[in-house]
Each structure stands twice: as structure tokens, then as C-alpha cells.
Amino acid sequence: MKLQRADLAILLASVLWGLNFCTVKILVMYLPPLLVGFLRFFLSTLVMMAMLKWMEGNVKVAWRDFGALVVAGVLGFGAQQICFLYGSYFAEASMGALLSAFTSAIMTLVASLVARERMTGLMIGGLLAACGGMVLVVLGKGSLGAITPASWIGLGLYFVAGLLSGLMPLLTRRSLTRYSSLRVTTWTLFVGGVFFIIPGGANVQNAHISVLPPVVIPALLFTAIGATAVTNMCWNYGLARVGVVRLSIYGYLPSILGVLMAAALLGEMLTPAQWLGTALTMGGVLVSQIKGLDIRKFGKSLFSRKEELALLVDEYAGGD
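Let me sum up the structure you'll find in this document. (Residues numbered from 1 in each chain as written. Predicted model: local features only at pLDDT ≥ 70, side-chain atom pairs only at ≥ 80, totals over all residues. Heavy atoms only, no water.)

**Thoughts on the pattern of salt bridges**
What the rule picks out here adds up to three salt bridges. With a closest N to O distance of 2.7 Å, Glu-56 and Arg-183 form a salt bridge. A residue pair is termed long-range when its members are at least 10 positions apart, and Glu-56 in helix H2 (residues 33-56) and Arg-183 in helix H7 (residues 181-195) qualify at 127 residues. A salt bridge links Asp-65 to Arg-178, with the shortest nitrogen-to-oxygen separation between them at 2.3 Å. A residue pair is termed long-range when its members are at least 10 positions apart, and Asp-65 in helix H3 (residues 63-90) and Arg-178 in the loop between helix H6 (149-176) and H7 qualify at 113 residues. You can call Asp-65 buried: its relative accessible area is 6%. Since its relative accessible area comes to 44%, Arg-178 is described here as partly exposed. (Salt bridge = Lys/Arg side-chain N within 4 Å of Asp/Glu carboxyl O. Helix = DSSP H or I, 4+ residues; strand = E, 2+ residues; numbered from the N terminus. Buried < 20%, exposed > 50% of the residue type's maximum accessible area, 1.4 Å probe, protein only.)

If you want it as C-alpha cells, here you go:
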């Protein structure tokens, strides 16, 4: 299938989000997490508001829709980012990437239950495989004792952040039928920025700005503009055109890229057992998204195609 503009936008967002696991980990090593959240949303909102005004002429939304945007911004950017930032502070970026995929699978299954869709054996089996993979990743360090209490806190926060992130397509779906992806992204980011004003401002005094390494500024600009403004606009653009179900398939690319980039950029090398757990987790979450596939019909179809091919070969050979 030829990739459309919406698919390319989602792929770009996936690459930038995958790199963002490493970028945020670097930032929280030198700045208080809440200050990182404030700066990230403040800068991204300025860029997005200017872009919205330039491209669409105004930045207005109707009062009737403002409540839904506030809820999406508070949960999907405010609360989610607090959990994500502190998860990055306490745990490894690669763990966060894997938990992001795992929680996305859980949220997709929850959405299926809410919609009263039938749970297939593949969906249940895929989720169980993903659970086993995550256990293998955690235990792959050697023992439970190898994971510090702080790491457990970080993993828990990553998990909650993933659940909140999984709510965003549902929270913004109706708004995207009335407004452009740029307008929805801008206003939800604005709400997220307002959410961080007080906690972020209170942490300014804890930042030692004079001794920050040079990498902090480009990392902050990337996470604010590239991994927040650009990615959310691309993601919402894709959501409005390909739908939630198809979008969920792309939702695991950031996790795969996040694990690989954490190994390459941060030196978070996984043990062989953890790599096996990673493969099992990613395979499980992908399988859990396969809906409506009848294995018996698929097998019969494949077998009949082989028989048709054999008959064609026999006929061709007999004709010679």
C-alpha cells in the first residue's frame, strides 16, 4: 500500500517521539523535571500559537468545545507529563519506551471492551505475551534486587503516563472533527503549559543555569518544538485522516526506536534476556492489535492458493 501524506506525518512523529525518550532523560539529569515540563510547553505553545495565527488567521475556539480541550490538555499533557518526566528521572529511557508500547496495547484493549467488541484469542494471547516480555525485561537485569526502589517508582510513573497518553485519541477525537489538527494541538499544549506554570516556576531556583552543559539548550529546543509541537501536530493530522484503529499500529514505532536510541545514545545496553523480552513485548503488542482474523479461513485460503499455483504449473508444463 502506497504511503499517503497522513502516514508520512505519523512516521515523522514516531521518529521524533522515539528520540524524545533520550532527550528528556538528558534534560532531567540537569534540570528539575517540573521546570523541564514548564519550559517545554511554554516554548512549544509560543511556536504553535504563532503558526496557528499565520496559517489560519485566528486562534479562536468556541466556548462549547473549550471544556473538552481543557480536559485533554490537563490529562494528556499536564498529568501525563508529570508522570513521564519523573519516570524519566527515576528509570531508564529504554524501560520507558517499552512500557509505552505495553500500556498502549492495554488502552487499545480497554477501548475495545468499552465499544463492546469481541475479544479474540489473538488479542488476549498477544497481551499475555507482552506481559511475559515485560517481566523478562525487568528480570533480565539478573534479579529483582538489581532494580532499585527508585527504578520501581520510575517504572510505575512510566506506566501511568502511558495510560494517560492512551486516552488522548479518545479525548481529542470529537474536537478533530470540528477543528484542524493544528488548532487542537495548539490549545491542548496551551492548557498543558498553564498547568505547569506554578509547579514549574517554583523549581526555577533549583536549576543551576550557570553550570549547565551545552547539550541542554538544543535538547530543550528539540523536546519543545520537534518532539512536542511538530509531533503532536503530525499525530493529530494523521488521526483525523486514518482513524484510531490504524493509528494504533503506528503507535509502537516510537517505543521500538526509543529502545534502540537509548542503547545508541545513552549507553543503556540491554542483556540478551532483556533483548528477548523486548522482542516478545513488541511482538505481543502487535499481535494484540490484529482484529477479526480467522486463522482457519486464512489457512484454507493460503492452502487453496498453493493448489491453484500447482495446477497452473502442471498446465504450463503439460503445454510444453
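Read on, since the account is not over.
**A few points about the packing of aromatic side chains**
Here the structure, examined in full by the defined rule, presents 11 aromatic pairs. An angle of 80° between the planes, with centres 5.1 Å apart, marks the rings of Tyr-89 and Phe-90 as edge-to-face. Aromatic rings pair up to connect Phe-41, Phe-77, Phe-195 and Phe-196 into one cluster. (Phe/Tyr/Trp six-rings, centres within 6.5 Å; stacked < 30°, edge-to-face > 60°.)

**As for the environment of Met-49**
The residue Met-49 is located in helix H2 in this model. Exposure remark for Met-49: the relative accessible area of 18% places this residue in the buried category. Contacts of Met-49, omitting those with residues within four sequence positions, involve Val-59, Thr-186, Trp-187 and Phe-190. (Contact = heavy atoms within 4.5 Å.)

**Regarding the environment of Gly-238**
For Gly-238, the position within the fold is in helix H9 (residues 216-250). Taking the C-alpha atoms as reference points, Gly-238 and Gln-4, separated by 234 residues in sequence, lie 9.7 Å from one another.

**Things to note about helix H10 (residues 253-265)**
The end-to-end C-alpha distance of H10 is 18 Å, a good match for the 18 Å that 13 residues give at a rise of 1.5 Å each. Considered for burial, the residues of H10 that qualify are Pro-254, Ser-255, Gly-258, Val-259, Met-261, Ala-262 and Ala-263. Just downstream of H10, Gly-267 is the residue with a positive phi angle, here 70°. (Expected span 1.5 Å × (residues − 1).)

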